[in-house]
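# A closer look at the structure
Chain residues, written in single-letter form:
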Amino acid sequence: MSDARFTGTERYVATPDLMTAVNAAVTLARPLLIKGEPGTGKTQLAEEIARSLERPLFEWHIKSTSKAAHGLYEYDAVSRLRDSQLGDAKVHDIRNYIVRGKLWEAFDSAVQPVLLIDEIDKADIEFPNDLLRELDRMEFYVHETRELVKARHRPIILITSNNEKELPDAFLRRCFFHYIRFPDAETMEKIVRVHFPDLKKELLAEALTVFFGVRDTPGLKKKPSTSELLDWIKLLLAEDIPPEALRGDDPKKTIPILHGALLKNEQDVHLFEQLVFLNRRAGR
Amino acid sequence: MFVRFFTDLRARGVPVTLPEFLALLEALEARAAAQSPEEFYYLARLALVKDERHFDRFDRVFAEHFAGAEKLFEQLVATLPEDWLRQLAARELTADERARVEALGGWQKLMDTLRRRLAEQEGRHAGGSKWIGTGGTSPFGHGGFNPEGVRIGGAGGQRAAVKVWEARDYRNLDGDRELGTRNLKMALRRLRRFAREGAADELDLDATIDSTARNAGLLDIRMQPERRNAMKLLLLLDVGGSMDAHVKVCEELFSAARAEFKHLEYFYFHNFPYERLWKDNRRRFSVTTSTWSLLRTFNPDYRVLFVGDATMSPYEIQEPGGSVEHWNEESGRAWMERITAHFPRLAWLNPEPEDNWKWTPSVALTRELVAGRMFPLTLQGLDAAMRELKHPVASRAPA
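Residues numbered from 1 in each chain as written. Chains lettered and ligands numbered in written order. Predicted model: local features only at pLDDT ≥ 70, side-chain atom pairs only at ≥ 80, totals over all residues.

## Remarks on the overall build of chain B
Of the regular secondary structure elements, chain B holds 18 helices and nine strands. Counting only residues that meet the buried cut, chain B has 31% of its 399 residues in that class. Restricting to contacts in chain B with at least 6 residues of sequence separation, those with at least 24 account for 70%. (Helix = DSSP H or I, 4+ residues; strand = E, 2+ residues; numbered from the N terminus. Buried ≥ 20, exposed ≤ 12 C-beta atoms within 10 Å, placed from the backbone. Contact = placed C-beta atoms within 7 Å.)

Okay, structure coming up:
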């Protein structure tokens, strides 16, 4: 197979367990199913793998209306009908009306590609079942032209899920599974460093304290995630906020500046305000 | 040696199958080298566990199993053939690292040091010795045979030395985790029953093609009603008193059910259903619905779902006048029997943990009244309740 190993990139910090997962999936050419909180970089992972291993990337974004067949090919009967009425010569070859899907494109790639099947849980409950044979044998049959499409190289398949639907067992059995945990403070610092290399140390430390403080607040409906932290820091930098402004007397007694980037729900903001109010009263 | 691990996992309820186990062996073989324990742990988890809810169970089995097998691993390392090591090193070590190995006195010396260290290690931790100590004193912490980073005699240290699986970070993801609205919706979805009812406002493609063909090619459009979830659900919720502790989960269940069912009716009761139920808790004493009219209004094809902790004094069920709030002419038991007789498909969800049920006599009573159809308000419980509502076991009759 391939000797290249994935160890993260200059833009993406991979934990050891994630590296093991990716490398095992690459070595054994098995699909890797990635789950985790929203905003922990599931989708980005595929891009980074493709970049670091220098492979072409095919992205297949799943919607609630997606069918497994869309990923293979579609037969455009309507344009064939139109062409036949216009007397176009193209009409005699059915191959002109077969539109390739992402999976076919990936199968046809000259080098081993990376295929991202993004948010598989958005699709219909039967969707994963319809892909079993394709993922297992990496081949499918085109009924219109009676040809068998086989992958030239087994693609590195990454599948992300947000857990909105349970995936069928038969499908899971064919995948490796990795759950991206929410990064701890140390990893988080690395991640922020990767994105904002010039960030002042004090500001970073203060921002992380505030961030993890917010995350630990009990009862939040939507906990802020990595991508929200990065947005927030970007805002802090854009507004040129000094680290002292974040400190306050006590993180529990002030609402963080520009909290709109971290709290995405009016109930959460309200809850936070109440907590701050209570803490202030208790502190007096 | 992993077969027992495999069977242990299955015994503990991690749904591992043979192909997955074979995949793990295949993965181990593909690497063709003894991994660092962490990497082995990650690899095993990757291949065998397909749901983060099972991570905690997996961690526990892993810890138990490999606590016993540690010695074995040490022996394995102590008797590693030198040629194999040297080959490995030639392939994996950089020139710089090889120089460092030479500086330590070459392979022979190195192996001796290593063996000595292993022996020390065994001596120091008598009995349940762990092969990864803290602080980087263990041979596997920095002197391991990890082909990616042979750091013999070096400082090492950064590469773990805490057993990841013993940290049990995934505890709160285990099966009985908090229910979120999303999960609840998924469980409730089991109860879907699609049927075509109402106005024909959707194109029936198959019928249209069929009748057009029969019509010698002249277009003949056929319509059909849209497919909708025809399941009817009646939700009866206990409020106040001991239920205050479960408000959040009930709220979530309620909002999930509202989103999932078109035909959803709900009523509240306090502790146990008597002759009156209500829809608005603020006006519970002024605007009420009599239970008789409930039984008349909703026909038996409604599924009934009770949500309550059934925790009260047994008198509140057994005796007329037992209610804590008002004088009830007839006992709660009589009302419950009427409800169960009218609605054959019924289940009771109890937010109290199942282990506590046996300590409360009123729970046992209620359970008997609903013919055993009481389920804990967890994902599995809800799932089982939905199954029960969909395909009730026919032989069951109210006790």
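Back to the text.
## A look at the overall build of chain A
Secondary structure summary: chain A contains twelve helices and nine strands in total. If you take every contact in chain A between residues at least 6 apart in sequence, the share linking residues at least 24 apart comes to 76%.

## Details of the sheet that holds strand 8 (residues 156-161) of chain A
Residues and elements named next belong to chain A. A sheet is described by the order of its strands in space; here five strands give the open sequence 2-5-8-1-9, paired in parallel fashion. A strand with exactly one partner marks an edge of an open sheet, and here the two such strands are strand 2 (57-61) and strand 9 (176-180). Along the sheet, successive strands turn relative to each other by an average axial angle of 20 degrees, direction set aside. The sheet contact formed by strand 1 (residues 32-36) and strand 8 spans four bridges and is parallel. Each bridged residue has a counterpart across the sheet, and for L33 the counterpart in strand 8 is I159. The sheet contacts of helix 1 (residues 16-28) involve strand 1, strand 8 and strand 9, and relative to strand 9 the element is tilted by about 160 degrees. (Pairing = 2+ DSSP bridges. Axes fitted to C-alpha atoms, helices over the stretch in contact; angles between N-to-C directions.)

## With respect to the pairing of strand 5 (residues 114-118) of chain A
Residues and elements named next belong to chain A. The element strand 5 is largely enclosed, with a buried count of four among its five residues. Summarising the sheet, strand 2 and strand 5 pair through five bridges and their orientation is parallel. Within strand 5, the residue paired with E59 across the bridge is L116. Pairing between strand 5 and strand 8: four bridges, direction parallel. Within strand 8, the residue paired with L116 across the bridge is L158.

## A closer look at the nonpolar core
If you look at the biggest cluster of nonpolar residues, it comprises 69 residues, and the most contacted ones within it are A21(A), L32(A), L158(A), I159(A), F176(A), A47(B) and L48(B). The leading source of residues in this core is helix 3 (residues 37-48) of chain B, at seven residues. Residues in contact with L158(A), not counting those within four places in the same chain, are L32(A), I34(A), L45(A), A46(A), V114(A) and L116(A). (Core = buried A, V, L, I, M, F, W, Y, C linked by C-beta atoms within 7 Å.)

## Topic: the environment of R373(B)
Residue and element names in this part refer to chain B. When you line up the elements, R373 lands in the loop between helix 17 (361-369) and strand 9 (374-376). Residues R373 and A385 lie twelve residues apart in sequence; the distance between their C-alpha atoms is 7.6 Å. The residues contacting R373, other than those within four sequence positions of it, are L346, A347, W348 and E388.

## Focus on helix 4 (residues 77-86) of chain A
Where burial is concerned, little of helix 4 of chain A is hidden: zero out of the ten residues are buried. Note on helix 4 of chain A: the residue one or two positions beyond its end, G87(A), has a positive phi of about 75 degrees.

## Looking at the sheet that holds strand 4 (residues 263-269) of chain B
Note: strands within a sheet are paired through backbone hydrogen bonds, in either parallel or antiparallel orientation. Residues and elements named next belong to chain B. Ordered in space as 4-3-7-8-9, the five strands form an open sheet in which the pairing is parallel. Each edge of the open sheet is held by one strand with a lone partner, namely strand 4 and strand 9. Within the sheet, the average angular offset between the axes of one strand and its neighbour, ignoring direction, is 25 degrees.

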